[in-house]
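So you can see what is in the structure, the chains are spelled out below.
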Amino acid sequence: MRGNVIMRISGIISNIICAIMVLGFAIYLIINWRSIPDTIPTHFDFSGNVDSYGSKMSILFGPGMAFFSWIIFNAVKFFPNTWNYPVKVTPQNKKALYMLTLLMLDITMPLVVFTCIFASVSCVFTLSFVFLYVVLAAMLIEMFVFIGLMLKCK
């Protein structure tokens, strides 16, 4: 029972964070659309140097991908039988694996949405990608931690 409450709360918090990021950036775009240059950087090399430009319409790709990712993450939660687990699912470990996977999704979802939004923001402000690399590293570490926890559920 307690685990179900924790899962509901983590899902609600995760969705609120995603909503704030997507809606916040959408509102920013609506308010500032006319002041965004017609041509913006659209791609950067690993050093952060601009190596491609595009129209300001290309800035909509980031929030679009963020929203699409958010929807997909929430949809995937309804099909736990299709998930790949690092251990065989048994009646004894089924609930623990399901709870760990839901929590992992609830942590990963805002990180993915943030990454999509950050990519669009960096096109407007030409931001440093160091912070993005930290977020991507955090995502990778988080997944390894959860896989390790799942391996203990044999």
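Each chain has its residues counted from 1, following the order in which its sequence is written. In view of the model being predicted, local features appear only for residues whose pLDDT reaches at least 70, and side-chain atom pairs are presented and counted only at 80 or more, with totals across whole chains, interfaces and linings using the full set of residues. As a rule here, side-chain values come from all non-hydrogen atoms in the structure, and water together with hydrogens is ignored.

What about the packing of helix α2 (residues 61–76) against helix α3 (residues 94–125)?
Fitted lines through C-alpha atoms serve as axes, helices being fitted only where they are in contact, and the angles separating the N-to-C directions of these axes extend from 0 to 180 degrees. The numbering of helices and of strands both runs from the N terminus, where a helix is a DSSP run of H or I of at least 4 residues and a strand a run of E of at least 2. Contact geometry of α2 with α3 gives a least axis separation of 7 Å together with a crossing angle of 170°. Relative to α3, the element α2 is oriented roughly antiparallel. Residues Gly62, Pro63, Met65, Ala66, Ser69, Trp70, Phe73, Asn74 and Val76 of α2 lie in contact with α3, whose contacting residues are Leu105, Thr108, Met109, Val112, Val113, Cys116, Ile117 and Ser120. In the scheme used here, Gly and all other residues not listed as nonpolar or charged are polar, with Ala, Val, Leu, Ile, Met, Phe, Trp, Tyr, Cys and Pro taken as nonpolar and Asp, Glu, Lys and Arg as charged. Classifying every residue of the contact of α2 with α3 gives 12 nonpolar, 5 polar and no charged. Roughly parallel here means an angle under 35 degrees, roughly antiparallel means over 145, roughly perpendicular means 65 to 115, and every remaining angle is called oblique. Only heavy atoms enter the contact rule, under which two residues are in contact if any of them lie within 4.5 Å.

Quick notes on the confidence of the model for the chain
Any region with low pLDDT has predicted coordinates that should not be read closely. The pLDDT value expresses, per residue, how confident the predictor is, ranging between 0 and 100. Averaged over the chain, the pLDDT score is 87; the fraction of residues at 70 or greater is 95%. Here strand β1 (residues 39–44) is the element of the chain with the lowest mean pLDDT, 81, and α2 is the one with the highest, 91.

A few points about α2
The end-to-end C-alpha distance of α2, which contains 16 residues, comes to 22 Å, matching closely the 22 Å that a straight helix rising 1.5 Å per residue would cover. Residue exposure (1.4 Å probe, protein chains only): buried if accessible area is under 20% of the type maximum, exposed if over 50%, otherwise partly exposed. Those residues of α2 that fall on the buried side of the exposure criterion are Gly62, Pro63, Ala66, Ser69, Trp70 and Phe73. Viewed end-on, α2 has its buried residues packed into an arc of 120°, placing them on one side of the element. By definition here, a helix of n residues has an expected span of 1.5 Å times n minus one. By construction, the arc corresponds to the directions joining the helix axis to the C-beta atoms.

A few points about the packing of aromatic side chains
Side-chain rings of Phe, Tyr and Trp, where Trp is taken by its six-membered ring, are said to pair if the distance between their centres is within 6.5 Å; with planes under 30 degrees apart they count as stacked, over 60 as edge-to-face, and otherwise as tilted. Counted by the stated rule, this structure contains 5 aromatic pairs. For the pair Phe25 and Tyr28, a centre-to-centre distance of 6.0 Å together with 15° between the ring planes defines the contact as stacked. Note that Phe25 and Tyr28 are positioned in helix α1 (residues 2–32) at a spacing of 3 residues, about one turn of the helix. Taking the relative accessible area as the measure of exposure, Tyr28 reaches 24% and is therefore partly exposed. Residues Phe114 and Phe118 carry aromatic rings whose centres are separated by 5.7 Å and whose planes lie at 35° to one another, so their mutual orientation is tilted. Here the residue Phe114 and the residue Phe118 both occupy positions in helix α3, the gap between them amounting to 4 residues, near one helical turn. Every member of this aromatic cluster is reached through a ring pair, and the members are Trp83, Tyr85 and Tyr98.

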